[in-house]
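Spelled out from the first residue to the last, the chains are:
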Amino acid sequence: MQTQYDVIIAGGGMVGSTLACLLGNAGKRVAVLEAHPPVDFSPSDPYDLRVSAISRASQRALLEAGAWEGIVARRAASYEVMQVWDATGDGEIRFDAADLGEPDLGHIVENRVVQLALLDAIRAHPSIDLLCPDKIAAFAADAQQITVTLASGKTVQAQLLVGADGAQSKVRDLAGIALETNDYGQKGLVCVVQTAAPHQATAWQRFMPTGPLAFLPLGDGSSSIVWTLPADRADALLNLSASDFCRELAQALDFRLGDVTAVGERAAFSLRGRHAEPYIQARLALVGDAAHTIHPLAGQGVNLGIKDAVELANQIRQTHGDIGSVKVLRAYERARRGDNVLTQKAMEGFRLLFGNTLMPWKILRNSGLSIVNRMSFLKYEIAKRAMGI
Ligand SMILES: Cc1cc2nc3c(=O)[nH]c(=O)nc-3n(C[C@H](O)[C@H](O)[C@H](O)COP(=O)(O)OP(=O)(O)OC[C@H]3O[C@@H](n4cnc5c(N)ncnc54)[C@H](O)[C@@H]3O)c2cc1C
């Protein structure tokens, strides 16, 4: 194993691993440091709690990274329709892939499946080394390179270090990069459930004043749910018996899929918006959750991170000189910050709009949903933007 690379990526999650493969394909020598390898997969395993709605744009990037086949070979469920409605009125909007002339709106995939398929691509790549389990302990940059010391005591050098090490990024902390945070005071409760009625390859989302509830369709007919709630209410629901929880959940979805007949393990994640300022410094860049986290209500978190990876790989590919220079990295930040900020603010706006119980806001959102639903052009522009096509 060598010690000199073009790029060192701290974090082999979905975003860091996508970036590694894109850079490897561009002929760069890459080291990926990953603290925890993902748990292996067997088709008979129950579905994981953590799934992501992978957009068409992310699917394209994962195809280019050499991982999409490995994802589909394990398991991925396409969804063709998205149905969104307001619990406090009759506002409703429906997006249908068929109306767009597309086979689907995206795929629901377990995070572990995405990561394992990317790790296969990394292991097969001659110019990528996987250093796992290992993590970053310290780094020092000079005019030519950055030297990274690992927890194992090993040192590695590169022109560029990328922090893809998630929301609690050690790279970001060691670099002294500031973080703007917004605690939503909410938790995202996740679990896999069976319902009496079939999910119809539809992603169902009901907005309630306490937060949105999403049912995402899985390949075996079950659904993965993300239920955003005030933190104390989420904790109370975690502690309910399975039968009481199923009753509450079916009611919260307004019985659109009938009774909830079974529930697996439940977990809840605290939800916090974060934004790093800046994303870059000389010889260092942040991508994915290390740079920003957003409210999961539209399932865009990893999709934004993969867009970061694609953009940074493009900037590096186009550079013939020093890929760790501030000039190159600033071009990456300029291209990505606007989209990330806009999406983060839009999610916060939706959360506040749908959380407001005052009558004028109820009328506004219900009539707004119904009007947009009737305006095919606007509706499909929104859908195409979310899909990244
Ligand atoms: C409840 C919930 C539901 C969500 N649903 C969706 C959805 O439907 N669609 C969507 O797009 N997004 C969703 N998200 C967001 C999505 O999960 C994240 O945006 C995504 O996981 C970020 O990927 P990442 O690779 O940047 O970071 P991570 O997934 O956090 O990966 C970071 C990796 O770095 C490793 N690591 C950490 N520290 C170190 C270190 N010091 N050295 C080396 N390695 C290290 C970790 O082991 C990990 O493998 C959801 C989030 C939540 C909380």
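Everything below is about the structure printed above this text.
Residues numbered from 1 in each chain as written. Predicted model: local features only at pLDDT ≥ 70, side-chain atom pairs only at ≥ 80, totals over all residues. Heavy atoms only, no water.

A. Spatial organisation of the side chain of S127. Tracing the backbone shows S127 in the loop between α4 (111-124) and β8 (128-131). The buried category is assigned to S127, whose relative accessible area is 16%. Excluding residues that lie within four positions of it along the chain, S127 makes contacts with G24, K28, R29 and V30. (Helix = DSSP H or I, 4+ residues; strand = E, 2+ residues; numbered from the N terminus. Buried < 20%, exposed > 50% of the residue type's maximum accessible area, 1.4 Å probe, protein only. Contact = heavy atoms within 4.5 Å.)

B. View of the site of the ligand. The local shell around the ligand holds 31 residues, among which V15, E34, R50, D289 and V302 are the closest. One nitrogen or oxygen atom from the main chain of A53 is found 3.1 Å from an oxygen atom belonging to the ligand. Across the complex, the protein chains shield 84% of the 1,000 Å² of accessible surface that the ligand would expose by itself. For the shell around the ligand, the secondary structure elements donating two or more residues are α1 (14-25), β3 (51-54), α4 and α8 (301-318). Here the residues of the shell around the ligand are counted per class, giving 12 nonpolar, 12 polar and 7 charged. (Near = heavy atom within 4 Å. Polar contact = N/O pair within 3.5 Å; in protein donor to acceptor, adjacent residues only side chain to side chain. Areas by Shrake-Rupley, 256 points an atom, 1.4 Å probe, with all protein chains shown as cover. Nonpolar A, V, L, I, M, F, W, Y, C, P; charged D, E, K, R; others polar.)

C. Local environment of the nonpolar core. One finds I9, L161 and L312 to be the most contacted residues of the largest nonpolar core, which totals 67 residues. Looking at which element gives the most residues to this core, the answer is α4, with 8 residues. The contact partners of L161, leaving out residues within four places of it in the chain, are I8, A10, I136, F139, I146, V148, V171, R283, L284 and A285. (Core = buried A, V, L, I, M, F, W, Y, C linked by side-chain atoms within 4.5 Å.)

D. Here's a closer look at the packing of α1 against α8. Running from N to C, α1 and α8 point in directions that differ by 25°, and their axes come no closer than 9 Å. Our classification of the angle between α1 and α8 gives roughly parallel. At the point where α1 passes α8, the crossing takes the right-handed sense. The segment α1 lies against α8, with M14, V15, T18, L19, L22 and L23 engaging V302, G305, I306, A309, V310, L312, A313, I316 and R317. Across the contact of α1 with α8, the residue classes break down as 12 nonpolar, 2 polar and 1 charged. (Axes fitted to C-alpha atoms, helices over the stretch in contact; angles between N-to-C directions. Parallel < 35°, antiparallel > 145°, perpendicular 65-115°, else oblique. Left-handed = near helix turned anticlockwise from the far one by under 90°.)

E. Local environment of the packing of α1 against α4. In the contact formed by α1 and α4, the axes pass within 9 Å of each other and the chain directions differ by 25°. Taken together, the axes of α1 and α4 lie roughly parallel to each other. Crossing of α1 over α4 shows left-handed handedness. Touching M14, S17, T18, A20 and C21 of α1 are N111, V114, Q115, L118, A121 and I122, all from α4. Broken down by class, the residue content of the contact of α1 with α4 amounts to 7 nonpolar, 4 polar and no charged.

F. Molecular detail of the packing of aromatic side chains. A complete count under the given rule lists 3 aromatic pairs for this structure. Here the aromatic rings of W227 and F245 are separated by 6.2 Å at their centres, their planes lie at 55°, and the arrangement is tilted. On the criterion of sequence distance, the pair formed by W227 in strand β16 (residues 223-230) and F245 in helix α7 (residues 242-252) is long-range, its members being 18 residues apart. By relative accessible area, W227 is classed as buried at 3%. (Phe/Tyr/Trp six-rings, centres within 6.5 Å; stacked < 30°, edge-to-face > 60°.)

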